[in-house]
Amino acid sequence: MPEGLIIKALSGYYYVLPDAPGADSVQCRARGVFKIKGIMPLVGDRVIYETEESGEGTVVQILPRTSELIRPPISNVNLAVLIFSLVEPDLNLTLLDKFLVHTESSGVDAVICLSKLDLLESEDRVLSCGFTIAEIRSVYEQIGYEIIPVSIKTKEGVQRVRDRIQGSISVFAGQSGVGKSSLLNAIMPRLQLETGSISMRLGRGKHTTRHVELLPLEKGGFVADSPGFSQLDFMQIEAEELGKSFREFGSFASDCKFRGCLHAQEPGCAVIRAKQEGRIAGHRYANYLQFLQEIKDRKRRY
Ligand SMILES: Nc1nc2c(ncn2[C@@H]2O[C@H](COP(=O)(O)OP(=O)(O)OP(=O)(O)O)[C@@H](O)[C@H]2O)c(=O)[nH]1
Ligand SMILES: [Mg+2]
Ligand SMILES: [Zn+2]
């Protein structure tokens, strides 16, 4: 039976791109057994499928996944391109840190694009989050994240993003209206993905993109556009795991006095000490504490 890649999922159908070069995607249903087992095929899944005479197919097996993201729902990506606009909507560092927890805990590398650079009258402007671009860069680059300021108007950063995603399987993720589809159009003008405007009243996008879809890149690899979202809750991560998703905590956490230290108020916590010494950014630590509380509150609800 042939193998292929799910490039789109829509209304109960999975669109499987056969491995054979030049072939069109096959519209497939999934075997009922997946539902019973509680495993649903995801965009990004490599699958084995069979075709019927009608030309439609059935997904019969999902091959093991190398990674799995919940938001956006996609498997087997090795890079998440997190798009955060500097303004319209305003940059939200708490949401960014939450996304980073999600990618870290899923074992997916992340690049951060700061979009709509052209809308800032000066790059030195202090943003509503209280930082300048230079300050944000300094914090996140030190942790080990690549930061790419971009604009589809001036084309700044576009080539850098194009180079970065070349050859890999990546997904563009971020809030609605930050410019994910616009940036993809700038990278590959032939795509002509639909883009939307920002609601003046709400100051955010209108969910123009409705589904996750993998798009083949010209020189190899795939990139997925995805619908924007504003909420991200911690459905799977445990309190003990959270600290591991903050890359910069790692080198300090091994010096904490207690094993299983949650870096909240434990005596002899090396992470708290590092924060006091300015070696961990204050807002990152504050977000850590907020997420820890959210995880504890979630547990209490069940
Ligand atoms: N000035 C400026 N506007 C931009 C830029 N990038 C995107 N926009 C505008 O932002 C609006 C939203 O862009 P989209 O590409 O639809 O945003 P999206 O992230 O795909 O949104 P969803 O599909 O709803 O998740 C559109 O009006 C774009 O023209 C940019 O670099 N500069
Ligand atoms: Mg879009
Ligand atoms: Zn600690």
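Conventions we followed
- Residues numbered from 1 in each chain as written.
- Chains lettered and ligands numbered in written order.
- Predicted model: local features only at pLDDT ≥ 70, side-chain atom pairs only at ≥ 80, totals over all residues.
- Heavy atoms only, no water.
- UniProt positions renumbered as here; feature names shortened; annotations may be inferred.
- Domains from an automatic or database assignment.
- Donors = N, O, S within 2.8 Å, 3.2 Å for Na, K, Ca; no water.
- Tetrahedral: all angles 85-135°; square planar, octahedral: opposite > 155°, others 65-115°.
- Buried < 20%, exposed > 50% of the residue type's maximum accessible area, 1.4 Å probe, protein only.
- Helix = DSSP H or I, 4+ residues; strand = E, 2+ residues; numbered from the N terminus.
- Pairing = 2+ DSSP bridges.
- Polar contact = N/O pair within 3.5 Å; in protein donor to acceptor, adjacent residues only side chain to side chain.
- Contact = heavy atoms within 4.5 Å.
- Phe/Tyr/Trp six-rings, centres within 6.5 Å; stacked < 30°, edge-to-face > 60°.
- Lys NZ or Arg CZ within 6 Å of the ring centre and 35° of its normal.

An unreviewed UniProt entry annotates the chain as Small ribosomal subunit biogenesis GTPase RsgA originating from Ferviditalea candida. As stated in UniProt under Subunit (unreviewed entry), the record for the chain gives "Monomer. Associates with 30S ribosomal subunit, binds 16S rRNA." Recorded in UniProt under Sequence similarities (unreviewed entry), the annotation for the chain is "Belongs to the TRAFAC class YlqF/YawG GTPase family. RsgA subfamily."

Once that is clear, we can look at the domain arrangement of the chain. You'll often see interface size given as the accessible area lost when the parts meet. We note that the domain assignment places domain 1 (3-62), domain 2 (68-225) and domain 3 (239-301) within the chain. Centre-to-centre separation of domain 1 and domain 3, based on C-alpha positions: 42 Å.

The zinc ion (ligand 3) binds to the protein through C256 (SG), C261 (SG), H263 (ND1) and C269 (SG); the donor distances cover 2.1 to 2.4 Å. Between the four donor atoms coordinating the zinc ion (ligand 3), the angles at the centre fall across 104 to 115°, so the site counts as tetrahedral. Mapped onto the sequence, the donors of the zinc ion (ligand 3) take the spacing C-x4-C-x1-H-x5-C. Note on accessibility: H263 and C269 belong to one class, buried.

Only S181 (OG) and T209 (OG1) from the protein reach the magnesium ion (ligand 2) as donors, at distances of 2.0 to 2.1 Å. Of this pair, S181 sits in helix α5 (residues 180-187) while T209 is found in the loop between α5 and β12 (213-216), placing the two residues 28 residues apart along the sequence. The exposure classification of S181 matches that of T209, with both residues buried.

Another point: the pairing of strand β11 (residues 169-173). The two faces of the sheet receive side chains in turn, since in a regular strand these alternate between them. Counting buried residues in β11 gives four out of five residues, a clear majority hidden from the surface. Pairing between strand β8 (residues 79-85) and β11: four bridges, direction parallel. Following the sheet pairing, L82 is matched in β11 by A173. By the bridge criterion, three bridges tie β11 to strand β13 (residues 222-225) in an arrangement that is parallel. If you follow I169 over to β13, its bridge partner there is F222.

Time to look at the side chain of E248. By the element assignment, E248 lies in the loop between α6 (239-242) and α7 (250-253). At 2.7 Å, the side chain of E248 and the side chain of R284 are in polar contact. Setting aside residues up to four positions removed in sequence, E248 forms contacts with I143, I280 and R284.

Turning next to the packing of aromatic side chains. Working definition: an aromatic ring pair is given by the centre-to-centre distance plus the angle between the planes. For the structure shown, the criterion picks out seven aromatic pairs. Geometrically, the ring pair formed by F246 and F249 is stacked, given 5.0 Å between the ring centres and 25° between the ring planes. Grouping residues by exposure puts F246 and F249 together as buried. When the ring of Y285 is compared with that of Y288, the centres are 6.2 Å apart and the planes differ by 25°; the resulting orientation is stacked. Placement of the pair is Y285 and Y288 together in helix α9 (residues 282-301), with a separation of three residues, close to one helical turn. Among the residues examined, Y285 registers a relative accessible area of 7% and is labelled buried. For Y288, a relative accessible area of 1% puts it in the buried group. Linked through ring pairs, F246, F249, Y285, Y288 and F291 together constitute an aromatic cluster. In this structure, K8 packs its charged tip against the face of Y15, placed 4.9 Å from the ring centre. One Lys or Arg, R29, reaches over the ring of Y13 and ends 3.9 Å from the middle of that ring.

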